[in-house]
Amino acid sequence: MNLFDVADFYINRIVTSEAKSKASVLDSSRVKALLLDKNTTSTISMCATQSDLLNHNIYLIDTIENKNRDTMRHVKCIVYVKPSDDTIEYLLEELQNPRYADYYIYFSNTVNKSQLERLAESDDMEAVSKVEEIFQDYQILGEDLFSLEIPSKTLFRNQLLWDEIGLESCSNSLFSLLLSLKLKPEIVYENNSKLSARLAKEVSKKISENEKSLFDFPRKDSPPLLILLDRMNDPVTPLLQPWTYQSMIKEYIGVTRNIVDLSSIPDIDKDLEKVTLSSKQDQFYNETMFLNFGELGDKVKQYVETYKRKTQSNSQINSIEDIKSFIEKYPEFRKLSGNVAKHMAIVGELDRQLQAKDIWELSELEQNLSVHDDNQEDYSTLLKLLDYPDEKLSPYYKVKLVTLYIVRHGEKHPQKVEEIINKLKFSGVPIEDVNFLHYFFSTMNARNSTNVDLLSGTNNETQHKEREDILSELAKKFNNRMGRRDANRKSGNIADNVYMQHVPDLSDLLSDLSKNKLRANTRYKYFNANGNKGHHMAPPQDVIIFFVGGATFEEARLVHEFNETMKSNHGNIRLILGGSNMVSTKDFIDSMRK
């Protein structure tokens with residue numbers, strides 16, 4: 001269950017494509033053009049380099065939406081597109097007046113009979129040599145991470161109802177994922193979520209309709225699982241300041257389909273204004289993406305120290321600023337370090353923003369609010385931070401703190417919620433933010449009233465202990481670099497690190513999976529084609545976890561660590577995590593606005 005392997009298989013199938021009747025040595029050596037659409041352009045760019053394509057004689061890459069392409073009748077054209085209505089129309093126009101010698105058409109998902117008939121009718125010149133379905137109607141972000149890149153605003157009418165187009169798009173992409181992994185899963189969803197229940201029904205329906213033609217896979221000893229989770233059942237995780245490299249880039253700079261825009265950084269080198277981050281193609285990123293900020297600094301320092309030894313430099317390297325100064329003094333280091341230069345630019349920008357925004361006190365309070373049941377000291381600290389001038393703590397972070405307090409304590413303390421919202425109102429926070437907080441408060445109250453006992457599933461104290469058993473190693477190291485340690489705290493406890501006290505709710509699910517206790521947890525419900533609960537008791541092996549409303553990179557880290565633990569302990573469970581999109585704090589808050 002390695003998504004990069006899936007991508008390599010399909011890309012190799014596309015770029016080496018030949019019609020059986022025309023296959024020859026001469027034909028395989030011809031110059032080729034690759035025609036993509038707005039969806040598959042990113043699919044290819046995230047999984048293959050330009051060198052990979054050149055090795056297969058693909059010298060021309062363009063989009064089917066571009067109508068100003070040159071006519072090259074001697075060139076073979078490989079078309080890789082999503083079978084959307086818009087793309088089909090572009091294809092029809094292309095075939096009516098073909099610009100290339102012949103066409104090998106690949107669709108990223110299933111194409112229906114009507115679409116095929118229309119293509120055949122338009123191919124008067126018999127330019128099409130091959131039409132084939134492959135299944136990668138999703139974006140691969142890591143070997144165990146995928147995203148559908150669908151913003152929540154376009155998925156839902158409100159927090160309880162799907163938009164029908166959004167539902168169709170989401171279910172189609174999951175359908176494609178299952179086919180690419182050759183899995184016919186049992187579907188599990190959260191018992192209290194209408195969104196995940198509806199999606200489970202749609203995916204199950206698609207599997208049933210195509211069971212004989214597409215899902216005739218060999219039976220497994222243990223049936224695979226597709227687990228559908230609702231983002232709103234753990235709103236705390238996306239509301240917290242992240243501290244690992246990958247998640248911090250998403251939070252503070254932004255990353256879209258592996259592209260990071262650094263053009264707004266003062267005095268940035270022109271070559272670094274837009275950079276690509278891929279754990280498949282970037283070894284340094286692959287080694288550091290799950291490290292916390294302290295460990296990341298150590299890793300970068302190791303590279304610089306290596307260069308110091310080679311140049312016999314005596315420069316002192318004790319901080320990120322020292323590293324930046326060193327690189328400016330020795331620009332040839334960039335050539336030696338290669339890929340590290342872009343990471344130094346990113347790390348330097350993260351460090352600049354952390355200092356400018358003074359995140360430390362804010363993050364500590366967020367963590368305390370997330371893990372403490374009811375603490376007057378936390379509330380007093382909250383009031384103190386809300387009184388800070390905007391120059392010290394921006395209105396955005398004040399709103400975020402209040403949303404976090406509403407999620408954790410709003411149900412018990414509605415009067416305090418009203419107090420702090422009024423405090424923001426009279427401190428000059430924009431009225432639209434004040435209105436949003438009232439709306440968010442009422443929304444969370446409505447959800448809480450319908451969630452009684454549905455999310456407990458098993459004993460909370462037991463699950464918390466199991467969570468620590470699996471994940472305690474994840475937070476041990478960070479405190480030495482970034483946090484402050486109380487002499488009275490016990491070594492090894494998650495609470496040692498004040499900035500990483502919270503553990504996503506996903507960890508409870510991982511604990512259930514590792515102990516084969518998922519069926520005993522009433523939080524989850526099994527769904528199959530005839531609506532009956534499954535009876536397989538063998539522990540699962542292949543599991544896909546999908547967040548309706550978006551996953552976070554912090555949850556991606558948990559899944560990756562879980563998979564690594566399973567490998568090292570010769571476990572049989574293999575996980576893949578995905579979401580309708582990957583969300584930052586701002587993404588999540590924006591998705592909640594009317």
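Note that the structure is predicted; figures quoted are calculated from it, not measured.

Focus on the overall build of the protein chain
Here comes step 1: For the protein chain, the count of helices and strands is 27 helices and 14 strands.
Here comes step 2: Looking at the protein chain residue by residue over its 594 residues, the buried ones come to 54%.
Here comes step 3: In the protein chain, once contacts between residues fewer than 6 apart in sequence are set aside, the share between residues at least 24 apart is 78%.
Here comes step 4: Accessible area for the protein chain stands at about 27300 Å²; split by element, carbon and sulfur atoms hold 47% of it.

A word on helix H12 (residues 245-253)
Here comes step 1: The buried fraction of H12 amounts to 8 of the 9 residues, a majority that puts the element mostly inside the structure.
Here comes step 2: For H12, the complete set of buried residues consists of Tyr245, Gln246, Ser247, Met248, Ile249, Lys250, Glu251 and Tyr252.
Here comes step 3: Just downstream of H12 lies glycine 254, where phi reads positive at about 100 degrees.

A short note on the side chain of serine 108
Here comes step 1: In this structure, serine 108 sits in the loop between strand S4 (100-107) and helix H6 (113-122).
Here comes step 2: Here serine 108 is in contact with Thr40, Tyr80, Val81, Lys82, Pro83, Ile134, Phe135, Gln136, Asp137 and Ser176, once residues within four sequence places are set aside.

Description of the pattern of salt bridges
Here comes step 1: Counted under the stated rule, the structure contains 33 salt bridges.
Here comes step 2: For aspartate 390, the salt bridge identified is with lysine 398, shortest N-O distance 3.1 Å.
Here comes step 3: Given the relative accessible area of 2%, lysine 398 is considered buried.
Here comes step 4: Between arginine 593 and aspartate 590 there is a salt bridge, with its nearest N and O atoms 3.6 Å apart.
Here comes step 5: Overall, aspartate 590 belongs to the partly exposed group, its relative accessible area being 26%.
Here comes step 6: Sharing partners across several salt bridges, the network here consists of Asp433, Lys586, Asp590 and Arg593.

With respect to the pairing of strand S3 (residues 72-81)
Here comes step 1: Where burial is concerned, most of S3 is hidden: 7 out of the 10 residues are buried.
Here comes step 2: In this structure, S3 lies alongside S4, joined through 7 bridges in parallel fashion. Within S4, the residue paired with isoleucine 78 across the bridge is tyrosine 104.
Here comes step 3: Once the chain exits S3 it traverses helix H5 (residues 85-96) before rejoining the sheet at S4, and the crossover so formed is right-handed.

Notes on helix H26 (residues 553-568)
Here comes step 1: Along its 16 residues, H26 runs 22 Å from first to last C-alpha, staying within 8% of the 22 Å computed at 1.5 Å per residue.
Here comes step 2: All of the buried residues in H26 are Phe553, Glu554, Glu555, Ala556, Arg557, Leu558, Val559, His560, Phe562, Asn563 and Met566.
Here comes step 3: Residue histidine 570 follows H26 closely and has a positive phi angle near 60 degrees.

Quick look at the environment of valine 583
Here comes step 1: By the element assignment, valine 583 lies in the loop between strand S14 (574-579) and helix H27 (585-592).
Here comes step 2: If near-sequence neighbours (up to four positions away) are discounted, valine 583 is found in contact with Pro238, Lys250, Gly549, Gly550, Ala551 and Thr552.

A look at the packing of aromatic side chains
Here comes step 1: Per the stated rule, a full pass over the model turns up 15 aromatic pairs.
Here comes step 2: Centre to centre, the rings of tryptophan 243 and tyrosine 499 are 5.5 Å apart; their planes meet at 50 degrees, and the pair counts as tilted. One end of the pair, tryptophan 243, is in the loop between helix H11 (236-239) and H12; the other, tyrosine 499, is in the loop between helix H24 (478-481) and helix H25 (506-514), with 256 residues separating them in the sequence.
Here comes step 3: Ring geometry for tyrosine 245 and tyrosine 285: centres 6.0 Å apart, planes at 70 degrees, overall edge-to-face. Residue tyrosine 245 is located in helix H12, and its partner tyrosine 285 is located in helix H13 (residues 283-288); the two are separated by 40 residues in the primary sequence. The two residues tyrosine 245 and tyrosine 285 agree in class, both being buried.
Here comes step 4: Linked through ring pairs, Tyr138, Phe146 and Phe546 together constitute an aromatic cluster.
Here comes step 5: One residue, arginine 593, lies across the ring of phenylalanine 436, its end atom 4.6 Å from the ring centre.

Some words on the sheet that holds strand S12 (residues 524-527)
Here comes step 1: With mixed pairing, 7 strands are arranged side by side in an open sheet as S6-S7-S14-S13-S9-S8-S12. Looking at the sheet topology across the chains shown, the edges are occupied by strand S6 (139-142) and S12. Adjacent strand axes in the sheet meet at a mean angle of 25 degrees when their direction is disregarded.
Here comes step 2: Across 4 bridges, strand S8 (residues 186-190) lies against strand S9 (residues 225-230) in parallel orientation. Its bridge partner being in S9, tyrosine 189 is matched across the sheet by leucine 228.
Here comes step 3: Along the sheet, helix H9 (residues 194-209) makes contact with S8, S9, S12 and strand S13 (542-548), crossing S8 at roughly 170 degrees.

A short note on unusual backbone geometry
Here comes step 1: In the Ramachandran plot, arginine 257 falls in the positive-phi region, its phi being about 50 degrees despite a non-glycine side chain.
Here comes step 2: Here arginine 257 is to be found in the loop between H12 and strand S10 (259-261).

Reading guide: rules and limits
- Residues numbered from 1 in each chain as written.
- Predicted model: local features only at pLDDT ≥ 70, side-chain atom pairs only at ≥ 80, totals over all residues.
- Heavy atoms only, no water.
- Helix = DSSP H or I, 4+ residues; strand = E, 2+ residues; numbered from the N terminus.
- Buried < 20%, exposed > 50% of the residue type's maximum accessible area, 1.4 Å probe, protein only.
- Contact = heavy atoms within 4.5 Å.
- Areas by Shrake-Rupley, 256 points an atom, 1.4 Å probe, with all protein chains shown as cover.
- Salt bridge = Lys/Arg side-chain N within 4 Å of Asp/Glu carboxyl O.
- Pairing = 2+ DSSP bridges.
- Right-handed = clockwise from strand over helix to strand, strands pointing away.
- Expected span 1.5 Å × (residues − 1).
- Phe/Tyr/Trp six-rings, centres within 6.5 Å; stacked < 30°, edge-to-face > 60°.
- Lys NZ or Arg CZ within 6 Å of the ring centre and 35° of its normal.
- Axes fitted to C-alpha atoms, helices over the stretch in contact; angles between N-to-C directions.

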